[in-house]
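Residues per chain, in single letters:
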Amino acid sequence: MFFVWGMGVVRFKSSIGVQLTVTLSIVLLIFAVVFAVFTTRHVQQFGDSFSEQTVSTLRHRVEVNLADRINIRALYFDHLFQGIADNSARLAEKAGHVLFDTSRDSTPCPVIPPLAPLSSNVHVGSFDSTVMVVRLLDAGTPLDPAARDRLACLYPYLDMMGQASSSASAAYVATTDGFIEYYSNTVVKKHFSNLTMPILQECAWFAGAAPEENPSQSTVWTPIYADSLGGGLVVTASTPIVSEEGAFKGVAGIDMSLDGLFEEILHEEGVMVGVDGMFWFLLDMNGVPIVFPEDKLEDFGLRGTGDKGTPRGLLESSDPRLRRYAHGLLSLDKGDVRIELGGSALLISHHVLPSTGWVLGVVVPDDALLSGLEQTLLTYRQATRRMGWEIVVGAIVFIALGLGLFYYALKERLVRPLRMLANQARRVSEGDLEIKTVALSGGDEMAHLAGSFDQMIASLKEGRDFQERTTDYLETMVRSRTRDVEEKAEELHTALTELTTIFSNSMVGIMLLKGGRYLWKANDRLAQLLGYDSPEEMEGLSMQALHLSEERWKRFGTLHYEALVHGERTHIDYQMKRRDGSSVWCTLSGKAVDSSTPPDLNKGVLWMVDDITERKASEQAIRDSEERFREMAELLPCIVCEVDVAFRVTYVNSLGMKTFGLHSEDFDTPGIALKVLHPEDRQRMTGRMEIVMDGGEVEPTEFRMVRGDGTEMTALLHSTPIVKNNAVVGIRASVTDVTEYRAMQGALLKQRKLDLISSLTSGIAHDFNNMLAVMLGRVELALLSLDEKSPARVHLVTMEATLERARDLMDRLITLSTRGEGVERSVSLQDVLHRCVANAGGEAQRVALDISETVPEVTVDAMQMAKAIEYVLNNAREAYDGEGDVWVTCTSHAKGSRRHPDLSEKPFVEVAVRDEGRGIGEEHLHHILDPYYTTKERSSQKGMGLGLAVTHAVVTRHGGTLAVDSRKGRGTTVSIYLPVGSHGRKAGRL
């Protein structure tokens, strides 16, 4: 390569050729070195990576194969255990049906052979059959004879279940009544001789299935234990036997011998052929070894204390790494892990048996798996290094050939044409523009360069001619432009003079800030507004001097600086500081002078300042006026509100919000103002509101409205339109609650009617009562004068009874007409109640009386109160179509009780008469206290509608009140409330 480089320098004899040759040689040399290093390194890395990937793939395949083998063996053993557990459950279910299901059809069973005594507590059957029956005498109550006779029906199932469980050593049924059926019958009798019921119940297979340990009554596996009957280590699948009522009756169990299982696991063939050091293990659910090679216990830290101590569990291993692995092993169903133990890596894979919770696993030395791969890795590395050097040698040969071709092309296509162009350029620089280059063949860059050189010479010729023409034109244009500039300068001067005049005489303050926050220019109005003698006095002031405090100045900058930086116009109302320290309200409107985005604030910020002191005073006066009228609206005893054309609430005083349960967030809901109206009055109210919004006038009107608690109220509405800009934008209204007023008005009208009736009735009743007295006297005299057997006595007796009823009617009328008269208190209320209930028949007529012991003594007018209560009792008894119960209760209420609001200021007594009869309809409930109002057939026997009216008059005369609560079909309760310690009005004559 250096020889070729030397030949190029001698033959080209050109500085550019030498430079290109040397530069290219150095570049290619560096490229060759870098390529060699890069290639060998990456080829070697590829080989190492490929070999490591191969090892990793083989390792993964080994792990997958190992996991598959574990899964297959785990499924095999789990299927074995699950089959025994299922058979145990079937045996228990069959025993429950055969022995304890009383609804079972009677099926003939083989006869049980007689049981022979084995000991004082144990009787056994024959040992010749496959199933042996044992009876424990200390079990208490013997098995039901019918159930005992069916014990033989279980023989086939014991035989079948025992044979179906291939690994089972025995199948048996033990009841709480002391009967045991055992299969297969291979146990000698002496093993049963000392058996008692407590010993049986303490056995692991019986106690584990009992309700105390097994509340779910499912099949359970016992821990490993030594079989005292058959010998060896076993586990038992125990299932409780329950009756059809769910009572625990015994246990069905199937034993599984573990000796064969241990042998099968310890002699399990390896997962891979030729792998030394691999072994299998089996752990219980607590990690304690069940099957584990004796020679491996020491390596795994599981050797117990003593020479033949019980092995420790993995959770108690002396190696902390195995303890950590044990926690994961017992919490996962399956998995594998690598552990460094004794200087070698071990691969441990495990799988949990779901049926028992035991863990089956295998341990494989890691170095034994991959011992044959070391030579493969060495071969891979040698092959990759040899491949790298072969690539480097080929690259060097390729570069040498390419360099020779490059030198040839460089001489023919670059150096020679450049020498020709250099000679022509020298002649052009001397002023010779008539030459032409020799045309080069081809269409490469050098040929284009030669053509461009000829075009450049032609352009230089044209440029020289154009320069001469342009010089004359420019001289003419300069003279014309000079005249235009002078005219524009004159116009600019005139505009500047006009702007200066406007600036100085503006009625709005103007200031220009430059250099950040300093005032550069101000007009006369701004100086006058802020109390300065002249604008010049303000020039150079810091903007901080125009703020009332430094804090307000900083807050002003924080709030409005961002808007100026983004080129936005800022318009605010702000208090500025005058020269004397006072404040003045101004409107500030500012914008950056620079029109670029973002603007440069150092070029200036122009502010327009206007005095708004008078406007602020007017606004404050308006706010004060609004606040004054708002407070007046809050003080008014009526609801004041405003709504817009969409019936949204724009204002309502606190009384309205409290009355209708409104919240401020509800105001924006369209139609919210109509929802407080009664549904039947909404259409009428909507029509009147539309009239108001159209500019019409409406008279104050009453409407029904619904309060926030759901009760109705009668309201008087005054309304007027809200007009803005000659358009109606809403309605202003006042709402007055006239519910109580209308109720009082109705009560007053009713009272006036009653007084008028009373005045008329009182006169008639007194006169008629006098005539009845004469007639009764004549009838009594006639009865005294007639013989006892005279036929006329029957008619006179009937007349006497009729006159008595007429006198009673007159007494009612007199009592009703003298509602303003007093009462004569002579007896206690309790005595009156006892007498009235007794007259009504008492409990014999299903009238019950209950007087609370806390009721104080209240004296009443005996005759009037007795009549009042008797009227109520008669109504209660007549409320039933047939017979029914009537309850009379008397209770006391302390002062402040809410039982009756009108009497809450003092203690009072309540007498309640309750029935469960027909009840009173709502349409009649408001008229029941009206005289002569009745829903019964009007006659002398059924009533004239005076009972409750007279009762109400008597109670009122005693200073109390009367209340009636009734629902149609649900009965009626009449409550009489009498104040305690009040003597009512003074007694007067009737």
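Check the entry above for the structure.
So, a few notes on the structure that sits alongside this text. Note that this is a predicted model, so its numbers are computed, not measured.

**So, the packing of aromatic side chains**
Counting across every chain of the model gives 9 aromatic pairs. Summarising the aromatic geometry, the rings of F81 and W358 are spaced 5.1 Å apart at their centres and angled 80 degrees between planes, so their arrangement reads as edge-to-face. Taken together, the residues span a long stretch of sequence, with F81 in helix 2 (residues 15-100) and W358 in the loop between strand 13 (344-352) and strand 14 (359-365) at a distance of 277 residues. Measuring from ring centre to ring centre gives 6.0 Å for F556 and W607, while their planes differ by 50 degrees; the resulting arrangement is tilted. Taken together, the positions of F556 in helix 14 (residues 550-565) and W607 in strand 19 (residues 605-611) put the pair 51 residues apart, joining distant regions of the chain. Pair check on accessibility: F556 and W607 agree, each one buried. Cluster of aromatic residues (ring-pair linked, three or more members): Y172, W205, F206 and F248. Between K514 and the ring centre of W520, over which it is positioned, the NZ or CZ distance is 4.1 Å. Directly above the aromatic system of W887 lies the positively charged group of R914, at a separation of 4.3 Å from the ring centroid.

**Things to note about the nonpolar core**
Within the largest apolar cluster, 46 residues are counted, with the highest numbers of intra-cluster contacts made by F81 and W358. For W358, the residues in contact, after removing those within four places along its chain, are F81, I224, V235, L258, L282, L283, D284, M285, I290, H351, V352 and L353. With 34 residues, the next largest nonpolar core counts V832, V837, A876 and V909 among its residues.

**Re the sheet that holds strand 10 (residues 279-283)**
With antiparallel pairing, 5 strands are arranged side by side in an open sheet as 11-10-14-13-12. Each edge of the open sheet carries a strand with a single partner, namely strand 11 (289-291) and strand 12 (334-341). Neighbour-to-neighbour, the strand axes of the sheet open up by a mean angle of 30 degrees, direction not taken into account. The pairing of strand 10 with strand 14 spans 5 bridges and is classified as antiparallel. For L283, the partnering residue across the bridge sits in strand 14 and is V359.

**Observations regarding the pairing of strand 28 (residues 886-893)**
Pairing of strand 26 (residues 847-851) with strand 28 involves 5 bridges; the strand directions are parallel. Bridging across to strand 28, I851 finds its partner in C890. Direction of pairing for strand 28 relative to strand 29 (residues 908-915): antiparallel, over a ladder of 8 bridges. Bridging from a neighbouring strand, C890 pairs with V911 of strand 29.

**Section: the side chain of T951**
Mapped onto the elements, T951 comes out in helix 23 (residues 947-957). T951 gets classed as buried once you look at its relative accessible area, which sits at 0%. At 3.1 Å, the side chain of T951 forms a polar contact with the backbone oxygen of A868. When neighbours within four sequence positions are excluded, T951 is seen to be in contact with A868, Y871, V872, L962 and I976.

**Points about the pattern of salt bridges**
Inspection of every chain in the model, using the stated rule, returns 21 salt bridges. Of the charged contacts, one joins E537 and R579 as a salt bridge, the two residues approaching to 2.7 Å between their closest N and O atoms. Highlighted residues: E537 in helix 13 (residues 535-538) and R579 in the loop between strand 17 (570-577) and strand 18 (583-592), separated in sequence by 42 residues. For E537, a relative accessible area of 28% corresponds to the partly exposed category. Here R793 and E788 are joined by a salt bridge, their closest N and O atoms 3.7 Å apart. The network of salt bridges with shared partners includes D573, R615, K616 and E619.

Reading the values: rules and limits
Residues numbered from 1 in each chain as written. Predicted model: local features only at pLDDT ≥ 70, side-chain atom pairs only at ≥ 80, totals over all residues. Heavy atoms only, no water. Phe/Tyr/Trp six-rings, centres within 6.5 Å; stacked < 30°, edge-to-face > 60°. Helix = DSSP H or I, 4+ residues; strand = E, 2+ residues; numbered from the N terminus. Buried < 20%, exposed > 50% of the residue type's maximum accessible area, 1.4 Å probe, protein only. Lys NZ or Arg CZ within 6 Å of the ring centre and 35° of its normal. Core = buried A, V, L, I, M, F, W, Y, C linked by side-chain atoms within 4.5 Å. Contact = heavy atoms within 4.5 Å. Pairing = 2+ DSSP bridges. Axes fitted to C-alpha atoms, helices over the stretch in contact; angles between N-to-C directions. Polar contact = N/O pair within 3.5 Å; in protein donor to acceptor, adjacent residues only side chain to side chain. Salt bridge = Lys/Arg side-chain N within 4 Å of Asp/Glu carboxyl O.

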